[in-house]
Amino acid sequence: MQDFIDKALILRVGRFREADLWLRLFTPQRGLLTAFAFGGSRSRRRFVGCLDALNVVSFLFQPNKTGTYLALGEGNLLKGRRGLRKSSKRLGFAANCVKFFEAVHVEPEESEKSFVLLDQALDTIESEDRISPLFPMLFRLRTAFEQGYGPSLDTCSQCGKVLKTAVAPTLFVEEGRILCGECSSAGGRRVPLNGRVLSILEHVCRNTPEAWCSLELAGEDRRIIYDAVDSLVRWHLGLKWEDGRFLRT
Ligand SMILES: [Zn+2]
């Protein structure tokens, strides 16, 4: 493999010898990568201000001779997120989104879209005045849709009736589809929805994070959306949130 230069978002950084660092990275073309910055914690010259989580950096990647690992030759900081790191609350939202993102194994062909979504989400968390406590959950919802696990929100997948005006639309989790109240399915886990909830799901899935970052919800709708997102993520992505991290179910 030849050396290459690629843009990467740093998800995590760890130290494995006194001066050496490993980095968990996400790139638009190659998806998730792990790379080593030998001497990275000492070399200020090769990686000026680069090696912090959440930064976007243009790295020179240097595969070793046998192609078993990637070393980082040098980095050029494209986006530092100092504003984000100054607020522990914002950092908490960002950490939650990044952990989920890393736990969901993104196929390389979907990487570009996923990269843009995560980058936009982090920009939003850093720059918007108000970030709703629902933001990480809405990010999970959007990611599930980006990964193709989101049901069609427009029409009943059985009879074609418009869902937003249909009576008792229901999400059938295992089948990953929504049916109107007049159509029924064999069953499995189901989450009753309503027209307002469908509008919110649509809003989150069609617009950038900036457009829904301050979204607040009434008690009942909030519970329904949590339930729907949690069920989809557990069933289709095999993840549950426990003790501050995502575990395989
Ligand atoms: Zn129907």
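Residues numbered from 1 in each chain as written. Predicted model: local features only at pLDDT ≥ 70, side-chain atom pairs only at ≥ 80, totals over all residues. Heavy atoms only, no water.

A. Region of interest: the packing of helix 2 (residues 88–103) against helix 3 (residues 111–127). Between helix 2 and helix 3, whose axes approach to 9 Å, the crossing angle comes to 170 degrees. In this view, helix 2 runs roughly antiparallel relative to helix 3, as classed from their interaxial angle. Two secondary-structure elements touch here, helix 2 through Arg-90, Phe-93, Ala-94, Cys-97, Val-98 and Phe-101 and helix 3 through Ser-114, Leu-118, Leu-122, Ile-125, Glu-126 and Ser-127. Among the residues making up the contact of helix 2 with helix 3, the classes are represented as 8 nonpolar, 2 polar and 2 charged. (Axes fitted to C-alpha atoms, helices over the stretch in contact; angles between N-to-C directions. Helix = DSSP H or I, 4+ residues; strand = E, 2+ residues; numbered from the N terminus. Parallel < 35°, antiparallel > 145°, perpendicular 65-115°, else oblique. Contact = heavy atoms within 4.5 Å. Nonpolar A, V, L, I, M, F, W, Y, C, P; charged D, E, K, R; others polar.)

B. Spotlight on the coordination of the zinc ion. Coordination of the zinc ion by the protein comes from Cys-156 (SG), Cys-159 (SG), Cys-180 (SG) and Cys-183 (SG), over a distance range of 2.3 to 2.4 Å. Around the zinc ion sit 4 donor atoms, and with donor-metal-donor angles ranging over 105 to 119 degrees the site reads as tetrahedral. Site description for the zinc ion: donor spacing in sequence, C-x2-C-x20-C-x2-C. Taken together, the positions of Cys-159 in the loop between helix 4 (135–146) and strand 6 (170–172) and Cys-183 in the loop between strand 7 (177–179) and strand 8 (190–192) put the pair 24 residues apart, joining distant regions of the chain. (Donors = N, O, S within 2.8 Å, 3.2 Å for Na, K, Ca; no water. Tetrahedral: all angles 85-135°; square planar, octahedral: opposite > 155°, others 65-115°.)

C. Representation of the environment of Gly-148. Turning to its location among the elements, Gly-148 is positioned in the loop between helix 4 and strand 6. Along the primary structure Gly-148 and His-236 are separated by 88 residues, whereas in three dimensions their C-alpha atoms are 9.7 Å apart.

D. Local environment of the pattern of salt bridges. Inspection of every chain in the model, using the stated rule, returns 21 salt bridges. With a closest N to O distance of 2.8 Å, Arg-30 and Asp-6 form a salt bridge. Of this pair, Arg-30 sits in the loop between strand 2 (21–27) and strand 3 (31–37) while Asp-6 sits in strand 1 (residues 4–15); the two residues are 24 residues apart in sequence, bridging distant segments of the chain. Residue Asp-6 is classed as buried on the basis of its relative accessible area, which comes to 9%. Lys-164 is the partner of Glu-202 in a salt bridge, and the nearest nitrogen-oxygen pair spans 3.0 Å. Note that Glu-202 is positioned in helix 5 (residues 195–206) and Lys-164 in the loop between helix 4 and strand 6, a separation of 38 residues in sequence. Take Lys-164: its relative accessible area is 35%, and that puts it in the partly exposed class. (Salt bridge = Lys/Arg side-chain N within 4 Å of Asp/Glu carboxyl O. Buried < 20%, exposed > 50% of the residue type's maximum accessible area, 1.4 Å probe, protein only.)

E. Representation of the packing of aromatic side chains within the structure. Inspection of every chain in the model, using the stated rule, returns 11 aromatic pairs. Taking 4.8 Å as the distance between ring centres and 15 degrees as the angle between the ring planes, the aromatic pair formed by Phe-4 and Phe-61 counts as stacked. Separated by 57 residues along the polypeptide, Phe-4 in strand 1 and Phe-61 in strand 4 (residues 56–63) bring together distant segments of the chain. With a relative accessible area of 10%, Phe-4 lands in the buried category. Residue classification places Phe-61 among the buried positions, given a relative accessible area of 0%. A centroid spacing of 5.2 Å and a plane angle of 25 degrees characterise the contact between Phe-135 and Trp-212, whose relative ring orientation is stacked. (Phe/Tyr/Trp six-rings, centres within 6.5 Å; stacked < 30°, edge-to-face > 60°.)

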